[in-house]
Amino acid sequence: MSDPAVDVVELLVTAHRYTEDRGLDPDDLPPRYRRVFWTESTEDESSPGTVQRPLHVTEADAKTATGVERPWEAVSDLLFTQREEFSGEISLTQSGMAVEWLLDRVDDDRLRSNPVLAKIADESDEAFEATYEEASDENRPIRADRVWIDALLDEYFDEEEDAEMLDLVTVRAPEEIEMTLKDLVLTDDQEGEIRKLMKAIEHREYLANIGLREIGKLLFVGPPGTGKTTAARALAHELGLPFVEVKLSMVTSQYLGETAKNVEKTFEVAKRLAPCILFIDEFDSVAKTRRSDEHAALKRAVNTLLKSIDDISLVRDEVLLISATNHPDQLDAAAWRRFDEIVNFPKPDREMRADILRVITRQMEIAEFDPDVVADRTEGLTGSDLRLVLREAVLEALTDDRMAITQEDIMDAVSDFEERDNLKNMDMIEGEGAEVPEVAGDGGGEHDHDGHDHSH
Ligand SMILES: Nc1ncnc2c1ncn2[C@@H]1O[C@H](COP(=O)(O)OP(=O)(O)O)[C@@H](O)[C@H]1O
Ligand SMILES: [Mg+2]
């Protein structure tokens, strides 16, 4: 990415080849080019849009696609480029010469990031390791691009009430997910489940053929802050799938009369965006209402939800369903039965806490940092708590105008955290927690206050 001339010529060569070669489709274009040349479709019902031929590359397009500030200047010296003054279009006068010039200057990594270029290299005499197959496998499909997702949503939600529905559902493109599996410290059990799931998705046709259709409905169970939401999102990133996120408490509380319909809509959105991940957070919030609330609309909503879960299928609809709950005790048998894998998200043990601390602090400089000592002192804290502790340490240091922190800052922040934790605990006892004893242990606070001795 360093040489601007190579970057721009790569784009021109790719655009030229894409225009000429009908055997290539938008999935062969790197996402960074694709989003520039995307057009929403007007007539084709089956697709929200595409990358239409011929591809004309204007200077502005080239700048967006490559990040090169002055694209024409970067290539104007080359013998095989031209610019049309009026439209600002840059193109190749001699594509053969351009290809030769380019292949002399690219490496396998670059080929792997651009299937069109890899195909050109495959056909050339140059000896590269990277192949078109490899590049296409690695390239994210167009269905995972934000532009594709937006176009689909636009098409699907035109009326006002549908726009309201979109308030309940957040759709993320995999490219927008910041924390990946690498940023998460997982238990062996969690890692095993995730590996199993990835294999199952890869071989879903085989599984369907041999009659194994009960895959793709997961329930993540564990206290708040143990990485359930992050893991689900990271999975979307890893698999290159759009991530449709619903907070069930929103769906059930906001538009009471509409709840059943909203639940159905949520599943419809997921089916429209498929293949995708549908993530239902706070899954217990229906279970609760199911028990205590006699409201007919809510009952209908719960039944709709359970039925929707039954009806959706990874094999048929290409929707992977992940639900998460902080309160497994509030789920009844009818709800449990719907899931074919339960993944436990426990509070991290000492070793995991130390690993989480290492991950969180990867980009920080910390004098005398000893994650094991911090881990010893933070029994009962979750990954999310540890993040808060580190943030406090950094902010405290900033108030002293220090841009670096020390082990001592972290230990101080741990003490502060414990103190605040205790205050919150007292709050719980005198406040609303006291009125609803059944949720006092696990309802309002971020942490489990029972059974842990924070002092050492
Ligand atoms: N196992 C973990 N490894 C690394 N970071 C973690 C872990 N668990 C939690 N965190 C941190 O805590 C934050 C909140 O976690 P989150 O996924 O929202 O938890 P949950 O959904 O279980 O309440 C995450 O963004 C992450 O930074
Ligand atoms: Mg969460």
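Keep in mind that this is a model prediction, so the values were computed, not measured.

Remarks on the packing of aromatic side chains
Right, on to step 1. Enumeration according to the criterion identifies five aromatic pairs in this entry.
Right, on to step 2. Centre to centre, the rings of F243 and F279 are 5.5 Å apart; their planes meet at 25 degrees, and the pair counts as stacked. One end of the pair, F243, is in strand β8 (residues 243-247); the other, F279, is in strand β9 (residues 276-281), and 36 residues separate them in sequence.
Right, on to step 3. Lying across the ring of Y33, R32 places its NZ or CZ 4.9 Å from the centre.

Quick notes on the site of ligand 1
Right, on to step 1. Close to ligand 1 lie 16 residues, the nearest being V185, G225, K228, T229 and T230.
Right, on to step 2. A distance of 3.0 Å is found between an oxygen atom of ligand 1 and a backbone nitrogen or oxygen belonging to G227.
Right, on to step 3. At 2.7 Å from an oxygen atom of ligand 1 is found a side-chain nitrogen or oxygen belonging to T229.
Right, on to step 4. Considered on its own, ligand 1 offers 560 Å² of accessible surface; in the complex 84% of this is hidden by protein.
Right, on to step 5. Every element with two or more residues in the shell around ligand 1 is listed here: α13 (228-239) and α22 (383-399).
Right, on to step 6. Taken together, the residues of the shell around ligand 1 sort by class into six nonpolar, seven polar and three charged.
Right, on to step 7. Domain assignment of the residues forming the shell around ligand 1 places at least three in each of domain 2 (146-344) and domain 3 (350-440).

Here we look at the packing of helix α9 (residues 146-156) against helix α15 (residues 259-273)
Each pair of packed helices can be described by the angle between their axes along with the distance between the axes.
Right, on to step 1. In the contact formed by α9 and α15, the axes pass within 10 Å of each other and the chain directions differ by 135 degrees. The orientation of α9 relative to α15 falls into the category oblique. In this structure, α9 crosses over α15, and the sense of that crossing is right-handed. Contact with α9, carried on its side by I149, L152, L153, E155 and Y156, involves E268, V269, R272 and L273 of α15 and no other residues of that element.
Right, on to step 2. In the contact of α9 with α15, the residues fall into six nonpolar, no polar and three charged.

Here's the deal with the side chain of N114
Right, on to step 1. Tracing the backbone shows N114 in the loop between α6 (108-112) and α7 (115-123).
Right, on to step 2. Overall, the relative accessible area of 0% leaves N114 in the buried class.
Right, on to step 3. Within polar-contact distance, the side chain of N114 engages the side chain of E10 at 2.8 Å.
Right, on to step 4. Ignoring anything within four residues of it in the chain, the contact list for N114 reads E10, T14, D28, P30, Y33 and A135.

Digging into the sheet that holds strand β4 (residues 81-83)
Right, on to step 1. Pairing is antiparallel in the open sheet, where three strands are placed in the order β3-β5-β4. In the strand order of this sheet, the two ends are held by β3 (57-58) and β4, each with one partner.
Right, on to step 2. As paired elements, β4 and strand β5 (residues 89-92) share three bridges and run antiparallel to each other. By the bridge assignment for β5, T81 is matched with L92.

Considerations on unusual backbone geometry
Right, on to step 1. Cis geometry marks the peptide bond from R53 to P54, where omega comes out at -10 degrees.
Right, on to step 2. With respect to the helices and strands, P54 occurs in the loop between β2 (49-51) and β3.
Right, on to step 3. Residue P275 is bonded to the preceding A274 through a cis peptide linkage, with omega at 0 degrees.
Right, on to step 4. Counting through the fold element by element, P275 comes out in the loop between α15 and β9.
Right, on to step 5. Positive phi, close to 55 degrees, is recorded for E282, a residue that is not glycine.
Right, on to step 6. Within the secondary structure layout, E282 lies in the loop between β9 and α16 (284-292).
Right, on to step 7. Of note, the phi angle at E368 is positive, near 55 degrees, even though the residue is not glycine.
Right, on to step 8. Judged by relative accessible area, which is 73%, E368 ranks as exposed.

Regarding the confidence of the model for the protein chain
Right, on to step 1. Within the protein chain, residue pLDDT values average 86, and 85% of them lie at 70 or more.
Right, on to step 2. Below a pLDDT of 50 lies the segment residues 431-456, which in the model reaches 36 contacts outside its immediate sequence neighbourhood of four places, other chains included.

Here's the deal with the pairing of strand β10 (residues 319-325)
Right, on to step 1. Most of β10 is tucked away: seven of the seven residues are buried.
Right, on to step 2. On β10, burial covers both faces: V319, L321, S323 and T325 on one face and L320, I322 and A324 on the other are all buried.
Right, on to step 3. Direction of pairing for strand β7 (residues 217-221) relative to β10: parallel, over a ladder of five bridges. In the strand pairing of β10, L218 is matched with I322.
Right, on to step 4. Judged from the five bridges that link them, β9 and β10 form a sheet pairing that is parallel. Paired with F279 across the bridge in β10 is I322.

Overview of the environment of A260
Right, on to step 1. Counting through the fold element by element, A260 comes out in helix α15.
Right, on to step 2. Judged by its relative accessible area of 12%, A260 falls in the buried class.
Right, on to step 3. Separated by 39 residues in the primary sequence, A260 and K299 have C-alpha atoms spaced 8.7 Å apart.
Right, on to step 4. Discounting residues that sit within four places of it in the chain, A260 has contacts with R300, A301 and T304.

Quick notes on the pattern of salt bridges
Opposite charge on two side chains lets them pair, provided their charged atoms get close.
Right, on to step 1. For the structure shown, the criterion picks out 33 salt bridges.
Right, on to step 2. Residue E10 pairs with R32 through a salt bridge whose shortest N-O separation is 3.3 Å. Of the two residues, E10 sits in helix α1 (residues 4-20) while R32 sits in helix α2 (residues 31-37), which places them 22 residues apart along the sequence.
Right, on to step 3. By relative accessible area, E10 is classed as buried at 1%.
Right, on to step 4. Among the residues examined, R32 registers a relative accessible area of 23% and is labelled partly exposed.
Right, on to step 5. The partner of R362 in a salt bridge is D183, with the nearest N and O atoms 2.6 Å apart.

Procedures and definitions
Just so you know, the residues in each chain are numbered from 1, in the order the chain's sequence is written. Chain labels run from A onward and ligand labels from 1 onward, assigned in the order the entries are written. Reporting of local features is limited, given that this is a predicted model, to residues whose pLDDT is at least 70; pairs of side-chain atoms are given and counted only at 80 or more, and all residues count toward the totals for whole chains, interfaces and linings. Just so you know, side-chain values use all the structure's heavy atoms and leave hydrogens and water out. Any Phe, Tyr or Trp ring, taking Trp's six-membered ring, that has another such ring centre within 6.5 Å forms a pair; planes under 30 degrees apart are called stacked, those over 60 apart edge-to-face, and the others tilted. Helix numbering and strand numbering both begin at the N terminus, where a helix is a DSSP run of H or I of at least 4 residues and a strand a DSSP run of E of at least 2. Think of it as a cone above the ring: NZ of Lys or CZ of Arg counts as a charge over the ring if it is within 6 Å of the ring centre and within 35 degrees of the ring normal. Near is defined per residue: the residue qualifies when any heavy atom it owns lies within 4 Å of the molecule or strand. Polar contact is defined as a pair of N or O atoms within 3.5 Å, subject to the rule that within protein one atom must be able to donate a hydrogen and the other to accept it, and that residues adjacent in sequence are counted only when both atoms are side-chain atoms. Using a 1.4 Å probe, the Shrake-Rupley method yields the accessible areas, and only the shown protein chains count as cover for residues. Each residue is assigned to one of three groups, with Ala, Val, Leu, Ile, Met, Phe, Trp, Tyr, Cys and Pro labelled nonpolar, Asp, Glu, Lys and Arg labelled charged, and all others, Gly among them, labelled polar. Residue ranges for the domains trace back to a domain assignment, done automatically or taken from a database. To get an axis, fit a line to the C-alpha atoms, keeping to the stretch in contact for a helix; angles then go from 0 to 180 degrees between the N-to-C directions. An angle below 35 degrees is read as roughly parallel, one above 145 as roughly antiparallel, one from 65 to 115 as roughly perpendicular, and any other as oblique. Handedness of a helix crossing follows the sense of rotation of the near helix relative to the far helix, less than a right angle counterclockwise being left-handed and clockwise being right-handed. Residue contacts are counted whenever heavy atoms from the two residues lie within 4.5 Å of one another. When a residue's accessible area, from a 1.4 Å probe over protein chains only, is under 20% of the maximum for its type it is buried; when over 50% it is exposed; and in between it is partly exposed. For two strands to count as paired, DSSP must find a minimum of two bridges between them. Confidence scores here are pLDDT values: one per residue, from the predictor, ranging 0 to 100. We define a salt bridge as a contact between a side-chain nitrogen of Lys or Arg and a carboxyl oxygen of Asp or Glu at a distance within 4 Å.

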